[in-house]
Amino acid sequence: MVIGAGVIGLAAAKALAHAGREVFILERERQFGMQTSSRNSEVIHAGIHYQPNSLKARLCVAGRDLLYRYCSERDIAHRRCGKFTVATSDEQVATLERIESNARANQVFDLKWLDAADARRAEPQLQCIRALSSPSTGIIDSHGLMQSLLADAEGRGASIAYGTAATRLVPTPAGIEIAINGESAPVARARTVVNSAGLQADRVAACIEDFPPQHIPKISFAKGSYFALSGASPFSRLVYPAPRAGGHLGIHMTIDLAGAARFGPDTEWVSDLDYAVDVQRVTLFAEVIRQYWPGLDEARLYPAYAGIRPKLSGPGEPTRDFCISGPRDHGVAGMVNLFGMESPGLTASLALGEYIAALAAD
């Protein structure tokens with residue numbers, strides 16, 4: 001049983017089905033990927049920012065290669081467009097140097113340095129004093145990816161139920177019994193349950209009878225808004241400012257597969273799932289964007305969408321690793337909980353699916 005049909009839940013369902021498991025997916029929304037998986041930058045990350053030896057680092061690098069291969073095999077729209085991470089001050093050059101060192105520790109060896117002239121030759125509207133080029137970074141049609149993952153799982157016998165929330169889980173010697181939509185009687189029993197509920201993962205874990213509460217971490221909601229740009233994109237590749245303290249990657253510019261530009265996300269700590277974009281934030285966006293694109297006309301920016309990231313860290317705290325908790329951690333047979341599955345979850349999804357399937361088998 002997989003709870004949650006975001007990109008990671010679907011990748012887990014695919015891996016479990018391919019391992020010969022009978023798989024059923026429960027999704028509370030009316031369609032797959034309605035929350036975090038469809039409200040992000042749709043970037044295939046190279047794996048340069050994450051703490052060496054962390055799950056994020058290892059699974060991002062492995063997942064990146066698996067994802068490019070899978071997209072080619074399944075004809076999923078994607079493009080290896082590359083990315084510049086730019087420094088606009090001497091202090092930020094030191095940040096880029098740390099990124100390069102971190103990338104090497106993560107076995108990413110294709111970064112290239114550019115001086116201001118090289119960067120401007122590649123991107124004439126870009127302002128910076130140095131840049132790191134990451135040719136392995138790309139973009140992807142996340143909906144097409146999820147559609148393919150679900151089709152692969154269904155092709156191996158998996159089934160999915162929409163509009164179905166798991167609201168009570170009872171571990172028994174015969175497996176975990178699952179009740180749905182507030183009902184008291186269980187409708188299914190599973191040998192293994194993967195809690196891949198994303199923004200609701202902590203709430204699903206709290207529904208497990210007698211589950212040890214110390215193994216349910218606090219989830220904070222980080223809302224990120226995006227503004228799109230009318231007219232032609234100023235750049236042909238992704239452009240990221242030097243990361244800020246705490247590891248936040250800042251308001252960067254991405255392009256979609258049609259070549260249109262958008263900027264985001266910012267970070268706004270919220271307590272509920274409010275996806276409205278505050279148009280007043282455009283001034284903050286413009287201020288940040290002009291640091292690397294001084295030619296921006298603010299009137300060209302308009303609200304696009306917002307996403308919410310389930311984070312294990314809060315305001316002012318450093319970003320934490322994925323938390324994947326199995327029976328050896330919490331003692332409940334057959335239960336696998338996924339907490340804090342934010343970026344690079346999309347890039348790492350296929351590797352995460354394999355990791356989760358191996359954990360379930362163990």
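Anything mentioned here points back to the structure above.
All figures in this text were calculated on a predicted structure; none of them were measured in a lab. Within each chain, residue numbers correspond to sequence positions counted from 1 in written order. Where local features are concerned, this predicted model is filtered to residues with pLDDT of at least 70; where side-chain atom pairs are given and counted, the filter is 80 or more; whole-chain, interface and lining totals use all residues. Where side-chain values are given, they derive from all heavy atoms of the structure, hydrogens and water being excluded.

1. Some words on the packing of helix α2 (residues 55-74) against helix α5 (residues 142-155)
Here an axis means a line fitted to C-alpha atoms, over the contact stretch when the element is a helix, while the angle between two N-to-C directions is reported on a 0 to 180 degree scale. Numbering of helices and strands runs from the N terminus, with a helix taken as a DSSP run of H or I at least four residues long and a strand as a DSSP run of E at least two residues long. Between α2 and α5, the shortest axis-to-axis distance is 11 Å and the interhelical angle comes to 80°. The pairing of α2 with α5 is recorded here as roughly perpendicular in orientation. Judged by residue contacts, Leu67, Tyr70 and Arg74 of α2 engage Leu145, Ser148, Leu149 and Asp152 from α5. Note that Gly is not counted as nonpolar here; it falls among the polar residues with everything else outside the nonpolar set of Ala, Val, Leu, Ile, Met, Phe, Trp, Tyr, Cys and Pro and the charged set of Asp, Glu, Lys and Arg. Of the residues that constitute the contact of α2 with α5, the class distribution is four nonpolar, one polar and two charged. In what follows, roughly perpendicular refers to angles from 65 to 115 degrees, roughly parallel to angles under 35, roughly antiparallel to angles over 145, and oblique to any angle outside these ranges. For this analysis, residues touch if any pair of their heavy atoms sits within 4.5 Å.

2. Thoughts on the pattern of salt bridges
One speaks of a salt bridge when a side-chain nitrogen belonging to Lys or Arg is within 4 Å of a carboxyl oxygen belonging to Asp or Glu. Counted under the stated rule, the structure contains 15 salt bridges. The partner of Glu342 in a salt bridge is Lys311, and the shortest N-O contact between them spans 2.8 Å. You can see Glu342 sitting in the loop between β21 (335-339) and α9 (345-361) and its partner Lys311 sitting in strand β19 (residues 301-311), a full 31 residues away along the chain. Relative accessible area decides the class of each residue, using a 1.4 Å probe on protein chains only: under 20% of the type maximum gives buried, over 50% gives exposed, and in between gives partly exposed. A residue is classified by how much of its surface remains accessible, and Lys311, at 10% relative accessible area, is buried.

3. Re the nonpolar core
Formed by 44 residues in total, the largest nonpolar core has its most connected members in Ile25 and Leu145. Sort the elements by how many residues they give to this core and helix α1 (residues 7-18) lands first, with nine residues. Side-chain atoms within 4.5 Å link the members of a nonpolar core, which is a set of buried Ala, Val, Leu, Ile, Met, Phe, Trp, Tyr and Cys residues. Of all hydrophobic cores here, the second largest spans 33 residues; its members include Ala119, Leu238, Ile251 and Ala261.

4. Concerning helix α3 (residues 90-105)
Helix length check: α3, at 16 residues, gives a terminal C-alpha distance of 23 Å against a target of 22 Å (1.5 Å per residue), a fit within 8%. Of the positions making up α3, those classed as buried are Val93, Thr95, Leu96, Ile99, Glu100, Asn102 and Ala103. Against β5 (83-87), β6 (112-115) and β7 (130-134) lie the buried residues of α3. Following α3 by one or two positions, Gln107 has its phi on the positive side, about 70°. Each residue after the first adds 1.5 Å to the expected span of a helix.

5. As for the pairing of strand β11 (residues 175-180)
Of all six residues in β11, five are buried; the element is thus mostly enclosed. In this description, strands pair whenever DSSP reports at least two bridges between them. By the bridge criterion, six bridges tie strand β10 (residues 166-172) to β11 in an arrangement that is antiparallel. Within β11, the residue paired with Leu169 across the bridge is Ile178. Counting the residues in the hairpin turn of β10 and β11 gives two residues.

6. Section: the packing of aromatic side chains
Ring geometry is summarised as follows: Phe, Tyr and Trp rings, the Trp one being its six-membered ring, pair when their centres sit within 6.5 Å, and such pairs are stacked at plane angles under 30 degrees, edge-to-face over 60 and tilted between the two. In this structure the tally under the stated criterion is four aromatic pairs. Here Tyr226 and Tyr305 contribute two aromatic rings whose centre-to-centre distance is 4.5 Å and whose plane-to-plane angle is 25°, an arrangement assigned as stacked. Taken as a pair, Tyr226 in strand β14 (residues 220-229) and Tyr305 in strand β19 lie far apart in primary sequence, 79 residues in all. Note on Phe235 and Trp293: the rings are 6.1 Å apart at their centroids and 70° apart in plane angle, and the pair reads as edge-to-face. Of this pair, Phe235 sits in the loop between β14 and β15 (238-241) while Trp293 sits in the loop between α7 (282-289) and β19, placing them 58 residues apart in sequence. Here the two residues Phe235 and Trp293 agree in accessibility, since each one is buried. The structure contains a cluster of three or more aromatic residues connected by ring pairs, namely Phe235, Phe263 and Trp293.

7. A few points about unusual backbone geometry
With omega at -5°, the peptide bond leading from Gly264 into Pro265 counts as cis. With respect to the secondary-structure elements, Pro265 resides in the loop between β17 (261-264) and β18 (268-270). With an omega of 10°, the peptide bond between Ser343 and Pro344 qualifies as cis. Inspection of the secondary structure puts Pro344 in the loop between β21 and α9.

8. Overview of the sheet that holds strand β4 (residues 78-79)
Within a sheet, neighbouring strands are paired by backbone hydrogen bonds and run either parallel or antiparallel to one another. An order of β3-β8-β4 is seen for the three strands of this open sheet, with the pairing classed as antiparallel. A single partner strand is all that each edge strand has here, and the edge strands are β3 (43-44) and β4. In the sheet, β3 pairs with strand β8 (residues 138-140) via two bridges, with the strands oriented antiparallel. Within β8, the position partnered with Ile44 by the bridge is Gly138.

9. Quick look at the sheet that holds strand β20 (residues 323-325)
Across the sheet, which stays open at both edges, the six strands sit in the order β9-β2-β1-β13-β21-β20 with mixed pairing between neighbours. Each edge of the open sheet carries a strand with a single partner, namely β9 (159-162) and β20. Two strands pair when backbone bridges link them, and strand β1 (residues 2-3) and strand β13 (residues 193-195) are joined in this way by two bridges, in the parallel orientation. In the strand pairing of β13, Val2 is matched with Val194. Across the face of the sheet, α9 comes into contact with β13, β20 and β21 while running at roughly 25° to β20.

10. Observations concerning α7
Among the residues of α7, Val282, Phe285, Ala286, Val288 and Ile289 are the ones counted as buried. Along the axis of α7, the buried residues cluster in a sector spanning 165°; they form a single face. Buried residues along α7 sit against β14, β17 and β19. Relevant arc is that of directions from the helix axis to the C-beta atoms, nothing else.

11. A closer look at the side chain of Ser325
Locating Ser325 in the fold gives a position in strand β20. With residues near it in sequence (within four places) discarded, Ser325 still touches His330, Met335, Val336 and Asn337.

12. What about the layout of surface pockets?
Reported here for the second largest pocket is a volume of approximately 290 Å³. As for the second largest pocket, its lining consists of 14 residues, of which Met1, Glu22, Val23, Phe24 and Ala190 are closest to the centre. Examining the composition of the lining of the second largest pocket, we find that three residues originate from one element, strand β12 (residues 188-190), more than from any other. A cavity here means a set of points on a 1 Å grid, drawn over the protein atoms and nothing else, where a 1.4 Å probe fits but cannot get out; a pocket is an open set with protein on both sides within 12 Å along at least five of seven lines, and a residue lines either one if it has an atom within 4 Å of a point. Grid points are joined across faces, edges and corners, and a volume is the space filled by probe spheres set on the points.

Structural measurements only, silent on function.
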